[in-house]
Amino acid sequence: MKSQTKPTIYWSFLDYKNWKMFIAATSKGLCFVGSQNMPFEELAEWLKKRFPGSPIVESREELKQYEIELAEYLDGKRKFFTIPFDYNGTDFQLSVWTALSEIPYGEIRSYSEIANAINKPAAVRAVGTAIGANPILITVPCHRVVGKNGALTGYRGGLEMKTRLLELERQGLSQ
């Protein structure tokens, strides 16, 4: 039986203007964007569940391109990301995260619209759960999903972060 090598996880702390969050990547791509102002424990707990036993290395150099694209987005200069992602999830989660990635910059969708987009119209609650499990905030734009009535609903990064991201995109559209 061949043993599998556990991927090295590189991490860094993005401290850009009023945005402070931990980010992490494997050699395949960005795998985690943390919540605004959360401690390292948020990343550590997520890594323990998703990459148990993987070596964890702090490296701004390995995360430089990810930091650049995130900073450009936070400045309103980037509308979509070109960086590679390494997200791991169930087939259902991956279909939801792909649908999220197709929501245009500055637009919003409801949970039921996402459920319809993946051809699972009855799976609205499951869609919400998959969105809540999205490990790559901002870059896989779960902040663009709102309640059916347009109300802001749960967000792993908190409603304040979600509000700031939506406002940033509204301003970016007018530039």
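Calculation notes
Residues numbered from 1 in each chain as written. Predicted model: local features only at pLDDT ≥ 70, side-chain atom pairs only at ≥ 80, totals over all residues. Heavy atoms only, no water. UniProt positions renumbered as here; feature names shortened; annotations may be inferred. Phe/Tyr/Trp six-rings, centres within 6.5 Å; stacked < 30°, edge-to-face > 60°. Helix = DSSP H or I, 4+ residues; strand = E, 2+ residues; numbered from the N terminus. Buried < 20%, exposed > 50% of the residue type's maximum accessible area, 1.4 Å probe, protein only. Lys NZ or Arg CZ within 6 Å of the ring centre and 35° of its normal. Contact = heavy atoms within 4.5 Å. Domains from an automatic or database assignment. Buried area = accessible area lost by both parts, 1.4 Å probe. Salt bridge = Lys/Arg side-chain N within 4 Å of Asp/Glu carboxyl O.

As recorded by an unreviewed UniProt entry, the protein chain carries the name Methylated-DNA--protein-cysteine methyltransferase and is attributed to Neobacillus bataviensis. Note on the protein chain: under the UniProt heading Sequence similarities (unreviewed entry), the record states "Belongs to the MGMT family." In UniProt, the protein chain has this text filed under Function (unreviewed entry): "Involved in the cellular defense against the biological effects of O6-methylguanine (O6-MeG) and O4-methylthymine (O4-MeT) in DNA. Repairs the methylated nucleobase in DNA by stoichiometrically transferring the methyl group to a cysteine residue in the enzyme. This is a suicide reaction: the enzyme is irreversibly inactivated."

Take the packing of aromatic side chains next. For the structure on display, the rule yields ten aromatic pairs. Consider the rings of F32 and W46, whose centres lie 5.0 Å apart with planes at 35°: the pair is tilted. Of this pair, F32 sits in strand β3 (residues 30-33) while W46 sits in helix α1 (residues 40-50), and the two are 14 residues apart along the sequence. Judged by relative accessible area, W46 falls into the buried class, the value being 17%. An aromatic cluster is built from W11, F13, F22 and F40, whose rings are joined through pairwise contacts. Geometry around W19 places R164 over its ring, the cationic atom sitting 3.8 Å from the centre.

Tracing the backbone through its elements, the reader meets K120 in the loop between α4 (111-117) and α5 (124-132). A relative accessible area of 43% means that K120 is categorised as partly exposed. With 28 residues separating them along the chain, K120 and F92 place their C-alpha atoms 9.7 Å apart. If near-sequence neighbours (up to four positions away) are discounted, K120 is found in contact with F92 and A115.

Once that is clear, we can look at the domain arrangement of the protein chain. In terms of domains, the protein chain is made up of domain 1 (9-75) and domain 2 (91-173). Each of domain 1 and domain 2 has a C-alpha centre, and these two points are 20 Å apart. With 16 residues of domain 1 at the interface, the matching set in domain 2 holds 16 residues. Carbon and sulfur atoms supply 61% of the area that domain 1 and domain 2 bury against each other, a total of about 1,300 Å² over both sides. The largest per-residue losses of area from domain 1 upon contact with domain 2 belong to W19, V33 and Y73, which jointly make up 45% of the total buried on that side. Linking domain 1 with domain 2 are one salt bridge, by the criterion used here. Secondary structure elements with two or more residues in the side of domain 1 that touches domain 2: β2 (19-25), β3, α1 and α2 (64-74). It is β3 that provides the largest number of residues to the side of domain 1 that touches domain 2, a total of four residues.

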